[in-house]
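Listed here are the chains, written in short residue letters.
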Amino acid sequence: MWNTLLRSRRQRNGLLLLPSIVLGLSVATNANAIPITFDPVNFVGRYQVFGVTPRMDGVQIIDLDPGNHEIRVADNSPIPITVDASGNVTTTNSGAVIGGFQTVTFNNIGITIDPGQFEQNNSDRWGLRFVEEFNTGASTIGPQNIVVVPNLSYWVSLGGSQSFVADIDSLGNVTVQNGISGVGGLQSLSFNTQSVTVDPSDFDQNSTGDWGVRFIHKTRSSNTPGPQTVYLVPGVDNYSFDLGQVSSFLISVDGAGNAAAMNGVSATGGFGSLTLNTVPVSIDPGNFDQNSTGDWGIRFIHNVRSSSSPGPQTVYLVPGVTNYGFTIGQVLSFTVGLDTSNNMSVANGISGVGGFQSLTLNTELINVNPGTFSGNWSARFVHTASGEGTFFAVPGANYSIRAGSDNQTVGVGLPCSATPSNFPLDGTTFDLSCPPGTISLTATGDSFLRQGAKDRNEGANPMLRIRKSGKNRSVVKFDEQSISGFGAITKATLRLHVRDTGNNWGSGRTVDAHALNVEFSEGNGKNAGVPNSESTRGTGEGTTWKCAIDSDISNQQTNCDPIWIGGDFVPTTSIGQIHTSSQTGPVEWDVTADVWNGNSAWLLKKTEEGQNGIVEYYSREGAADEGNMDLAPTLTIE
């Protein structure tokens with residue numbers, strides 16, 4: 001029977017799947033390596049010589065050095081083998097494999113696995129990991145016969161995840177390690193199952209809400225609303241629960257039939273039941289709503305078109321999930337999360353601003369000059385126009401600019417930028433820019449000052465640091481002519497991006513931006529926090545704790561007159577920005593009053609420098625190292 005089974009497994013869709021002996025892997029490490037033939041006989045699963053080959057199947061010829069090796073069958077069970085200098089192979093697990101002269105032959109035994117009621121799920125996937133997998137939703141129903149290598153342990157996978165372990169001895173007796181996921185016998189394994197009623201609660205109110213147990217049972221609220229019954233195997237704590245077709249949190253069912261969310265917050269469990277916890281979240285598209293065909297939403301949960309449903313929308317989300325996919329123009333653009341306190345967050349830090357049960361999209365106005373193109377152009381699923389025009393873009397997302405039969409993907413950053421900003425389309429050149437009225441300037445110089453190293457310069461350091469120990473303060477400057485040539489200024493915003501932060505900010509402490517009274521020189525030194533091989537005092541002039549411009553940073557002397565001792569600055573005119581131990585993304589200070597007073601450079605320090613709190617921002621050099629100049633210090637003028 002098992003030879004017939006093997007032939008049926010290897011011949012599918014009219015194709016005969018032959019063992020891959022012709023692929024014999026040559027992995028010799030020295031001239032003494034010996035070719036060993038591995039013959040799995042009727043076993044069709046994956047195996048490998050650990051540390052020598054990748055996973056493989058079928059007959060293989062492997063060059064092995066004399067000595068001890070280890071065969072891994074189905075990724076879980078090591079079989080030790082020894083190859084002597086003559087090519088004889090021996091093993092201490094003769095129940096699994098038989099060694100011989102330049103040969104290793106697998107023992108085989110047939111096991112019948114009965115999934116029981118687990119098969120009542122509409123898309124359940126199960127099997128022995130790296131041996132064979134079955135999908136009831138296809139055409140495979142009922143008990144299945146599988147050839148295994150005995151005297152080993154195997155992971156039984158449910159829903160695509162390794163779930164419990166079954167031991168199979170040399171006689172074919174099956175034992176389930178946890179004792180509750182199944183019942184073993186001679187050459188047999190039957191799943192135990194528990195029925196669990198999953199209630200999506202208010203999640204069902206989302207217009208396209210997809211949810212389910214991954215690769216086991218999937219439903220869409222618009223098609224099948226209300227509670228659903230799922231059959232699960234007890235003793236498994238890693239069933240993946242999907243929201244919007246994304247693995248979101250794990251659930252489990254114990255031997256008594258009690259279901260639970262492993263994170264404790266995403267759902268409320270009970271005997272044979274699981275109810276999603278949901279929170280109404282208001283999402284405000286901001287100016288993105290002004291696009292004529294602007295599509296946006298939470299992927300496979302709630303989708304909106306501005307022209308038909310303008311304004312903020314309420315979406316019901318499950319807390320404790322950090323990877324909801326947000327789409328802009330029907331393209332998955334960034335991820336958002338809802339924490340256990342019901343606060344929304346944006347993973348990339350620039351596409352929106354999260355709050356308590358709320359999210360507001362950031363937008364930038366992009367001007368499109370289509371050159372000589374006379375037809376309609378579009379930012380696909382966002383805006384369509386002819387001639388020169390504008391559309392509102394959410395930074396951190398990509399946009400497909402289309403003209404005729406051509407298209408170009410464009411990324412939009414914060415502060416306002418388009419990459420690429422010009423490109424050929426349909427025989428002409430398209431130019432994208434941020435319209436007059438807003439300019440974003442990248443710092444022309446930045447560094448940080450160290451009280452504990454008063455004559456050291458950090459102008460080339462990839463970070464800008466603020467901290468208590470030894471007092472560190474950061475300085476940044478911008479092109480004064482670009483600011484003065486702008487015209488009437490209504491707002492000026494200084495923005496730095498957090499690179500790293502210490503877990504020592506208590507409940508949160510503020511950092512202030514102070515306008516500098518004197519010009520400073522950036523310098524080219526970098527010492528703090530860099531590898532010794534990259535550390536350098538630098539040459540020429542640069543700023544230090546003692547000097548705005550030290551004329552020779554290569555020495556350990558104070559080469560300036562007058563000295564400024566940690567910066568010459570005025571009282572802050574902006575509101576101090578709270579920093580926390582979990583600080584990420586951009587931090588902004590309103591420096592409008594400073595710019596009105598003719599300032600173009602700032603010093604940043606903690607309001608209370610004697611209190612704990614360390615933060616590192618990206619410098620210009622750090623942003624360049626990341627290949628993303630949007631992370632550099634910027635000054636946005638409106």
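Refer to the structure above for everything that follows.
A quick note: this is a predicted structure, and the numbers were derived from the prediction, not measured.

**Overview of the overall build of the protein**
(1) Moving on: Secondary structure assignment for the protein yields four helices and 57 strands.
(2) Moving on: A compact globule built from 638 residues should have a C-alpha radius of gyration of about 26 Å, whereas the protein, at 32 Å, is more than 25% larger.
(3) Moving on: Put simply, 60% of the contacts in the protein that link residues at least 6 apart link residues at least 24 apart.
(4) Moving on: Working note: accessible area of the protein is about 26600 Å², and carbon and sulfur atoms make up 47% of it.
(5) Moving on: When the 35 positive and 56 negative side-chain charges of the protein are each reduced to one mean point, those points stand 3 Å apart.

**Here we look at the sheet that holds strand β6 (residues 67-73)**
(1) Moving on: One open sheet accounts for four strands, arranged β4-β6-β7-β8; its pairing is antiparallel. Of all the strands in the sheet, just β4 (47-49) and β8 (89-91) have a single pairing partner and so form its edges. Taking each pair of neighbouring strands and ignoring which way they run, the sheet shows an average axis angle of 30°.
(2) Moving on: Note: strand β7 (residues 77-83) against β8, three bridges, orientation antiparallel. When the bridges of β8 are listed, I81 appears paired with T91.

**Quick word on unusual backbone geometry**
(1) Moving on: Here the bond from T419 into P420 is cis, since omega is -5°, no more than 30 degrees from zero.
(2) Moving on: Mapped onto the fold, P420 is located in the loop between β44 (417-419) and β45 (422-425).
(3) Moving on: With an omega of 10°, the peptide bond running from D561 to P562 counts as cis.
(4) Moving on: In this fold, P562 is placed in the loop between β52 (509-515) and β53 (577-579).
(5) Moving on: Even without being glycine, A74 reaches a positive phi, approximately 55°.
(6) Moving on: Among the structural elements, A74 can be located in the loop between β6 and β7.
(7) Moving on: Backbone geometry at K471 places phi at a positive 45°, although glycine is not the residue there.
(8) Moving on: On the secondary structure map, K471 appears in the loop between β49 (463-466) and β50 (472-477).
(9) Moving on: The class for K471 is partly exposed, based on a relative accessible area of 29%.

**Examining the side chain of S333**
(1) Moving on: Among the secondary structure elements, S333 is positioned in strand β34 (residues 331-338).
(2) Moving on: Of the polar contacts made by the side chain of S333, one reaches the backbone nitrogen of I328; its length is 3.4 Å.
(3) Moving on: Within the structure, the side chain of S333 is placed 2.9 Å from the backbone oxygen of V331, a separation counted as a polar contact.
(4) Moving on: Excluding its chain neighbours within four sequence positions, the residues that come into contact with S333 are F326, T327, I328, G396 and A397.

**Side note on the packing of aromatic side chains**
(1) Moving on: Summed over the entire model, instances satisfying the criterion amount to 16 aromatic pairs.
(2) Moving on: Summarising the aromatic geometry, the rings of Y47 and F106 are spaced 5.0 Å apart at their centres and angled 70° between planes, so their arrangement reads as edge-to-face. Here Y47, found in strand β4, pairs with F106, found in strand β10 (residues 103-106); they are 59 residues apart in sequence, far enough to count as distant. Just as Y47 is buried, F106 falls in that class too.
(3) Moving on: Plain terms: the ring middles of F478 and W602 are 6.2 Å apart, the flat faces sit at 65° to each other, and that makes the pair edge-to-face.

**Description of the state of the cysteines**
Linking two cysteines covalently through their sulfur atoms gives a disulfide.
(1) Moving on: Across all of its chains, the model carries two disulfides by this definition.
(2) Moving on: Each sulfur of the disulfide joining C416 and C434 lies 1.9 Å from the other. Of note, the bridge from C416 to C434 carries an S-S torsion of about -100° and is left-handed in sense. Here C416, found in the loop between β43 (406-413) and β44, pairs with C434, found in the loop between β46 (428-433) and β47 (439-442); they are 18 residues apart in sequence, far enough to count as distant.
(3) Moving on: With a relative accessible area of 12%, C416 lands in the buried category.
(4) Moving on: C434 sits in the partly exposed class, given a relative accessible area of 24%.
(5) Moving on: In this model C547 forms its disulfide with C560; the gap between the sulfur atoms is 2.0 Å. Handedness of the C547-C560 disulfide follows from its S-S torsion of about -80°: it is left-handed. You can see C547 sitting in the loop between β52 and β53 and its partner C560 sitting in the loop between β52 and β53, a full 13 residues away along the chain. There is no split in this pair, since C547 and C560 are both buried.
(6) Moving on: In the protein, the bonded cysteines, numbered by position in the sequence, are linked as 1-2, 3-4.

Cut-offs used in this document
- Residues numbered from 1 in each chain as written.
- Predicted model: local features only at pLDDT ≥ 70, side-chain atom pairs only at ≥ 80, totals over all residues.
- Heavy atoms only, no water.
- Helix = DSSP H or I, 4+ residues; strand = E, 2+ residues; numbered from the N terminus.
- Rg over C-alpha atoms; globule rule 2.2 N^0.38 Å.
- Contact = heavy atoms within 4.5 Å.
- Areas by Shrake-Rupley, 256 points an atom, 1.4 Å probe, with all protein chains shown as cover.
- Lys, Arg positive; Asp, Glu negative; His and termini not counted.
- Charge placed at Lys NZ, Arg CZ, Asp CG, Glu CD.
- Pairing = 2+ DSSP bridges.
- Axes fitted to C-alpha atoms, helices over the stretch in contact; angles between N-to-C directions.
- Buried < 20%, exposed > 50% of the residue type's maximum accessible area, 1.4 Å probe, protein only.
- Polar contact = N/O pair within 3.5 Å; in protein donor to acceptor, adjacent residues only side chain to side chain.
- Phe/Tyr/Trp six-rings, centres within 6.5 Å; stacked < 30°, edge-to-face > 60°.
- Disulfide = S-S within 2.5 Å.

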